[in-house]
Amino acid sequence: MKRFYKEASVAAQDGGFGVALDGKPVRTPGGAVLSVRTESLAAAVAAEWAEQTGEVRPLGMPMTRLVLTQIDRVAPRRAEVAAELLGYAGSDLLCYRAEETALADRQNTL
């Protein structure tokens, strides 16, 4: 889609921060207002929108895509997603290569 706004900015919102395009809040594909907890995250998302020239290319906005996914898909099923992620904890591969660390020793005793 063609860039339709002149300015992307951070806007304070009910207990959080959002992104405004020419003063109007960005909304998710599901219709919710984009709102995050930290100003720095909102600033990173606003920067992605500000960097768009000519055409708005969502594939070039990874922070925006991540935030939109969290709002529309993860937040409504938070408990279910948390349970699914916990299922991976028993087979976490982050430490399997370590040979001489306290964490690897502890993992090997389980």
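Right above here is the structure, for reference.
Residues numbered from 1 in each chain as written. Predicted model: local features only at pLDDT ≥ 70, side-chain atom pairs only at ≥ 80, totals over all residues. Heavy atoms only, no water.

A. Here's a closer look at the pairing of strand β2 (residues 16-21). When you tally the buried positions in β2, you get five out of six residues, the bulk of the element. The antiparallel pairing of strand β1 (residues 8-13) with β2 creates a hairpin that spans two residues between the two strands, and glycine 15 there sits at a positive phi of about 70 degrees. In this sheet, strand β4 (residues 35-36) lies alongside β2 in antiparallel orientation, the contact comprising two bridges. If you follow phenylalanine 17 over to β4, its bridge partner there is valine 36. The pairing of β2 with strand β3 (residues 24-25) spans two bridges and is antiparallel. (Buried < 20%, exposed > 50% of the residue type's maximum accessible area, 1.4 Å probe, protein only. Helix = DSSP H or I, 4+ residues; strand = E, 2+ residues; numbered from the N terminus. Pairing = 2+ DSSP bridges.)

B. Spatial organisation of the packing of helix α1 (residues 39-51) against helix α2 (residues 62-74). Two elements in contact, α1 and α2, have axes whose closest approach is 8 Å; the angle formed by their N-to-C orientations is 125 degrees. Taken together, α1 and α2 sit at an angle that is classed as oblique. Seen from above, α1 lies across α2 with left-handed handedness. Across from Leu41, Val45, Glu48 and Trp49 in α1, the residues of α2 making contact are Pro62, Met63, Thr64 and Val67. Within the contact of α1 with α2, the residues separate by chemical class into six nonpolar, one polar and one charged. (Axes fitted to C-alpha atoms, helices over the stretch in contact; angles between N-to-C directions. Parallel < 35°, antiparallel > 145°, perpendicular 65-115°, else oblique. Left-handed = near helix turned anticlockwise from the far one by under 90°. Contact = heavy atoms within 4.5 Å. Nonpolar A, V, L, I, M, F, W, Y, C, P; charged D, E, K, R; others polar.)

C. Summary view of the environment of alanine 20. Positionally, alanine 20 belongs in strand β2. The class for alanine 20 is buried, based on a relative accessible area of 5%. For the pair alanine 20 and alanine 42, spaced 22 residues apart in the sequence, the C-alpha separation amounts to 9.8 Å. Those residues in contact with alanine 20, other than ones at most four positions away along the chain, are Glu7, Ala8, Ser9, Ala11 and Pro25.

D. Representation of α1 in the model. Given a rise of 1.5 Å per residue, 13 residues ought to cover 18 Å, and the 18 Å separating the end C-alpha atoms of α1 matches this to within 8%. Three or more residues of α1 are buried, namely Ala42, Val45, Ala46, Glu48 and Trp49. Burial along α1 is one-sided: seen end-on, the buried residues are contained in an arc of 150 degrees. Seen from the buried face of α1, the exposed residues on the opposite side, beyond 90 degrees, are Ser40 and Glu51. (Expected span 1.5 Å × (residues − 1). Arc of directions from axis to C-beta.)

E. Structural view of the pairing of β1. For β1 and β2, the ladder comprises six bridges, and the chain directions are antiparallel. Bridged to glutamine 13 within β2 is glycine 16.

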